[in-house]
Structures are given as C-alpha cells and as structure tokens.
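The primary structure of each chain is shown beneath.
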2 protein chains.
Amino acid sequence: MKTGAKVGISERKAREREERGRRIVVAARTIAERDGWASVTIRRLADEIEYSQPVLYSHFQNRDEIVGAVALEGFGELAVILRAAIRPSSTPGEAVESVATAYLDFAFARPAMYEAMFILPTGLRFARSDTPPQLRAGFGAMATVIAPFAQDVDTATETFWAALHGLAELERHGRIRPAFRSHRITLIMQMVSGQLQR
Amino acid sequence: MKTGAKVGISERKAREREERGRRIVVAARTIAERDGWASVTIRRLADEIEYSQPVLYSHFQNRDEIVGAVALEGFGELAVILRAAIRPSSTPGEAVESVATAYLDFAFARPAMYEAMFILPTGLRFARSDTPPQLRAGFGAMATVIAPFAQDVDTATETFWAALHGLAELERHGRIRPAFRSHRITLIMQMVSGQLQR
DNA sequence: CATATATTCTAGCATTGCTAGTTTGTCAAT
DNA sequence: ATTGACAAACTAGCAATGCTAGAATATATG
C-alpha cells in the first residue's frame, strides 16, 4: 500500500509538472499572438504561470525551445488545416489550389505562429530520424495534392512549398501587392498542373 | 575669403561625417558576415570606428537602420548580379534559369546579407514613392526575363521572386534537401516557361 | 579674448536571458 | 516526533543589450 501510494503521488506530480509545462507554452503563444514575440520574455511567462523564472528552465533549456514548442503546435495545426482543405470531390487541380489558399490563409491569420514556425530560431530538427510527426504531416498533405502532377513527388512538393512560403513572407513584409494574392495563387496552380500560362 | 574658407571647412566636415557613416555600415556588414548579426552590437561598432556609442545615433536612428543600410547595399549588389546573369545570347528560357541560379547563389554565398535584406527588421519601405532605386532594380531584372512568358509581368515576377525566396529560405533553414536544388530550379523554370512537367 | 554653438564623451538606465546559491518543502528511517 | 536526505522553488544577481541625459570639450563667431 505504501509503495502503491508513493507511485500514485509521483504520477500526480509528473502530471502536474507536465500541466505546468503546457501552461508555459500556452502563455507563450497567447502573448506572442497578442503582443508579438519580443514581448514573450522569461519574466513575463514566469508571471503568467505564477512561478519564478528558474522554473521555466527546468522545462526548457532556453527561450528558443519555448518558441520551438509553440512552433511544433503550429505545424500540427497546419497539417490538419491542409488535410481538411483537400475535398474528396475536388479535381486534382482544385485540390492544389485549395491547399495553397489554405496555406496562405494560415500564414496571414496567425503571423506570430508562422514566425515561430519559419523565421525564429527554434532548435527544431527537420529531416532527421527523430523529427516529430507534426513536422512531416504538413509536407505529407502537400505531397498528396502534388503527386498526381509530378514525377519526383518530393522535389515537386519542396518547390511547391517554397513557392507558398515565399508568397507568405514577401507579402507579410509588404514587398508584393496583397491585392494580387489570388492571381499569384493561380500562377502557382498553373505551374503545378503544368498548363501553359499564355 | 573668410566665408569661402568656411564653406570649404564645412564641406570637408560633411565629407568626413559621411565617411564615418560609411565606416559604420562597412563594419556592420563585416561583423555580420563573419560572426552573425547578433554580434553586431552598438558597442562593437563604436569600438570598430573608434568613436563612442552615441555617435552612432547621430548617423542612424537605431540599430535597425544600420541593418537597413547594409541591406540597401545588398539590394544594389543583387540587382547587378541578376542583370549580369542575363547573357544577350541566351534564349528566354535560359535567361530565366540563369537568373534563378544567380539569385540562389547570392542567397547562399551571403547568408548574413540575405538575412538583412529579407528577414531582419530594417525599416526599409517598399513600393512607395520614396523607395530607393536599389530596391526596385532587382525586381526589374527579374521582370526582364519573365516578361517574354507572362501576360501580367508584375504579378508573374512577384510569383517568380517568391518561389526563389522560398527556396532560399527553406534550404537555409535545412527544411528541404540541398542536393536537389538544381532540380527545383528546373521546376521553377518550367513553371515560368509554361512547359508541361510530365 | 569671450561667448555661443556644435561635437563628442562619460556614465547610467531599464531590460533581457540565464544561473549560482540559498531556502523551503517532502518523505523515509529512526 | 525528530532527524536527515533529497527534491523543488525562490531570491538575488551577473553580464550584455539598446539607448539617452547631461557633462565636457572642441570649434567657430562676435
């Protein structure tokens, strides 16, 4: 009984600890989306979870890892969104356009999240054996809609992804005209589907 | 004579002042390319030009403006490189490929410069009446090679540029396979030239 | 020479990420 | 119950950053 109780207690503690870790990530995300990543400081996070600063370092090695945890969430959500964008009834071409639009909608609707995923240092490791599934899922969704048009699916998906990422970034920084977003998506779509542009 | 001498002196001072401003930008660029932008601190720049820190703020409003000055140089150099990539004897398709390759070569050969131009906050203003010519020139070079293939040249150039930027960024962050760079360029080229991909 | 005006510097503020060292709490063995 | 060992959390502080107020110094003007 004694040892049984002990195990229960340590399990509860582990649960509480994990819950606290979650609250850190949630707080980081909330502050970032409201006030930008510059406002996500260790002190402010510590305030938010009502613990002292060093506690954060028992959950994450450094600030970048916290950003990384938020980014990981983002990759998971992006994958869900991209998969949902593929309607079973749609033609292959429509599927590509739908995924492209969903991708850009995500980037513009959650700029802070997109920043964490693609701009800020996070320590996330891609294309490795220990790469978490969230990081592969989004790519997989894109590959699904690209596959019907490509010989080398991986390379074509990489290129498609790069085009979307570039569109998102250049527009986010005000270097291309927002009003022509849908026109650019059309060009991307035509690129993938291999149709003549003129 | 007096007033004449005065003017000469103030001109010399203006020259020296401008020269000092140049040295700040050169130092910023040098340090950034060697040790990364995080090492470009006001204190270190002040050391480098052998003046105290506040002097820097008589040349630039803040650190971001210094990054912006380096970025502006970068845009000028990129424009030169892209224009040089267009060989008069090349076919329209070859010109596109050549510009794409030159663009990516630039991005990978000068990552710190590319970062200043596209990632870091710089306060540079695009697509405005007071936008400096360097910022337009690179776009112009791309538009030149895209024009033969596009109806709406501006939109097509924006899309082309975005694709290149995305390729540069994703590869720089290790999210796509470096070994397949030339394959991806081929896909981009085919996109522009409107040829079938299969 | 005296005075006004630029120029430049010293010194310091507030904020940041991160950590060493101490205090506080927990729990088993006596 | 008391003690001692261990874990958890906190206080306090370091070093570095961007930036600035106010003093000091050089320069030009009457």
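Refer to the preceding data block for the structure.
First, a word on scope: everything that follows refers to the structure included in this document. All values derive from a computational prediction rather than experimental measurement.

Basis of the calculations
- Residues numbered from 1 in each chain as written.
- Chains lettered and ligands numbered in written order.
- Predicted model: local features only at pLDDT ≥ 70, side-chain atom pairs only at ≥ 80, totals over all residues.
- Heavy atoms only, no water.
- Phe/Tyr/Trp six-rings, centres within 6.5 Å; stacked < 30°, edge-to-face > 60°.
- Helix = DSSP H or I, 4+ residues; strand = E, 2+ residues; numbered from the N terminus.
- Buried < 20%, exposed > 50% of the residue type's maximum accessible area, 1.4 Å probe, protein only.
- Lys NZ or Arg CZ within 6 Å of the ring centre and 35° of its normal.
- Least-squares fit on C-alpha atoms with pLDDT ≥ 70 in both.
- Contact = heavy atoms within 4.5 Å.
- Lys, Arg positive; Asp, Glu negative; His and termini not counted.
- Salt bridge = Lys/Arg side-chain N within 4 Å of Asp/Glu carboxyl O.
- Core = buried A, V, L, I, M, F, W, Y, C linked by side-chain atoms within 4.5 Å.
- Buried area = accessible area lost by both parts, 1.4 Å probe.
- Polar contact = N/O pair within 3.5 Å; in protein donor to acceptor, adjacent residues only side chain to side chain.
- Nonpolar A, V, L, I, M, F, W, Y, C, P; charged D, E, K, R; others polar.
- Near = heavy atom within 4 Å.

## Some words on the packing of aromatic side chains
1) Next: On inspection of all chains with the given rule, the structure shows 12 aromatic pairs over all chains.
2) Next: Plain terms: the ring middles of Phe75(A) and Phe118(A) are 5.5 Å apart, the flat faces sit at 65 degrees to each other, and that makes the pair edge-to-face. With Phe75(A) in helix α4 (residues 63-85) and Phe118(A) in helix α6 (residues 111-118), this pair connects stretches of sequence that are 43 residues apart. The pair Phe75(A) / Phe118(A) is uniform in exposure class, with both members buried.
3) Next: Here the aromatic rings of Tyr114(B) and Phe118(B) are separated by 4.6 Å at their centres, their planes lie at 35 degrees, and the arrangement is tilted. Taken together, the positions of Tyr114(B) and Phe118(B), both in helix α6 (residues 111-118) and 4 residues apart, correspond to about one turn of that helix. The same class applies to Tyr114(B) as to Phe118(B), namely buried.
4) Next: A connected cluster of aromatic rings, assembled from ring pairs, spans Phe75(A), Tyr103(A), Tyr114(A), Phe118(A), Phe126(A), Phe139(A) and Trp161(A).
5) Next: The positively charged end of Arg20(B) is found above the aromatic ring belonging to Tyr51(B), 4.6 Å away from the centroid.
6) Next: Across from the ring centre of Phe180(B), 3.8 Å away, lies the NZ or CZ of Arg177(B), which sits over that ring.

## Side note on the relation of the copies chain B and chain A
1) Next: Each copy of the sequence occupies a distinct position, and chain B is placed on chain A by a rotation of 180 degrees and an axial shift of 0.0 Å, giving an RMSD of 0.0 Å. A rotation of that kind, with that shift, is consistent with a two-fold axis.
2) Next: The overlap is high: 100% of the interface residues of chain B also sit at the interface in chain A, so the same surface is used on both sides.

## A look at unusual backbone geometry
Both trends apply: most residues other than glycine have a negative phi, and most peptide bonds are in trans.
1) Next: Phi at Glu50(A) takes a positive value of approximately 60 degrees, unusual for a residue other than glycine.
2) Next: With respect to the helices, strands and loops of the structure, Glu50(A) is situated in the loop between α2 (42-49) and α3 (53-56).

## Topic: the side chain of Arg20(A)
Residues and elements named next belong to chain A.
1) Next: Tracing the backbone shows Arg-20 in helix α1 (residues 2-35).
2) Next: One buried charged residue, Arg-20, forms no salt bridge at all, with the nearest opposite charge on Glu-16 at 8.3 Å.
3) Next: With residues up to four places along the chain from it excluded, the contact list for Arg-20 reads Ile-49, Tyr-51, Val-55, Ser-58 and His-59.

## With respect to the nonpolar core
1) Next: With 126 residues, the main nonpolar core has Trp37(A), Tyr103(A), Phe160(A), Trp37(B), Tyr103(B) and Phe160(B) as its most contacted residues.
2) Next: Those residues in contact with Tyr103(B) that lie beyond four places of it in its chain are Leu78(B), Leu82(B), Tyr114(B), Phe118(B), Met142(B), Trp161(B), Leu164(B) and His165(B).

## Here's the deal with the interface of chain B and chain A
1) Next: Contacts between the two partners involve 41 residues from chain B and, on the opposite side, 41 residues from chain A.
2) Next: In total, about 3,500 Å² of surface goes out of reach between chain B and chain A, with carbon and sulfur atoms giving 57% of it.
3) Next: Note that Glu158(A) and Arg177(B) form a salt bridge whose closest N and O atoms lie 2.8 Å from each other.
4) Next: There are 8 residue pairs in polar contact (both at pLDDT 80 or more) connecting chain B and chain A.
5) Next: Every element with two or more residues in the side of chain B that touches chain A is listed here: α6, α8 (153-172) and α9 (181-193) of chain B.
6) Next: In terms of residue count, the dominant contributor to the side of chain B that touches chain A is α8(B) (13 residues).
7) Next: Of the residues that constitute the side of chain B that touches chain A, the class distribution is 21 nonpolar, 12 polar and 8 charged.

## Topic: the protein's contact with DNA strand C
1) Next: Taken together, 17 residues form the shell around DNA strand C, and within it Arg43(A), Gln53(A), Asn62(A), Arg63(A) and Ser52(B) come nearest.
2) Next: In DNA strand C, atoms within 4 Å of the protein come from the sugar-phosphate backbone in 50% of cases.
3) Next: One of the backbone N or O atoms of Ile42(A) is found 3.1 Å from a phosphate oxygen in DNA strand C.
4) Next: With respect to DNA strand C, the side chain of Arg20(B) contributes an N or O atom lying 3.1 Å from a phosphate oxygen.
5) Next: Contributing elements (two or more residues each) for the surface near DNA strand C: α1, α2 and α3 of chain A together with α3 (53-56) of chain B.
6) Next: Among the residues making up the surface near DNA strand C, the classes are represented as 8 nonpolar, 4 polar and 5 charged.

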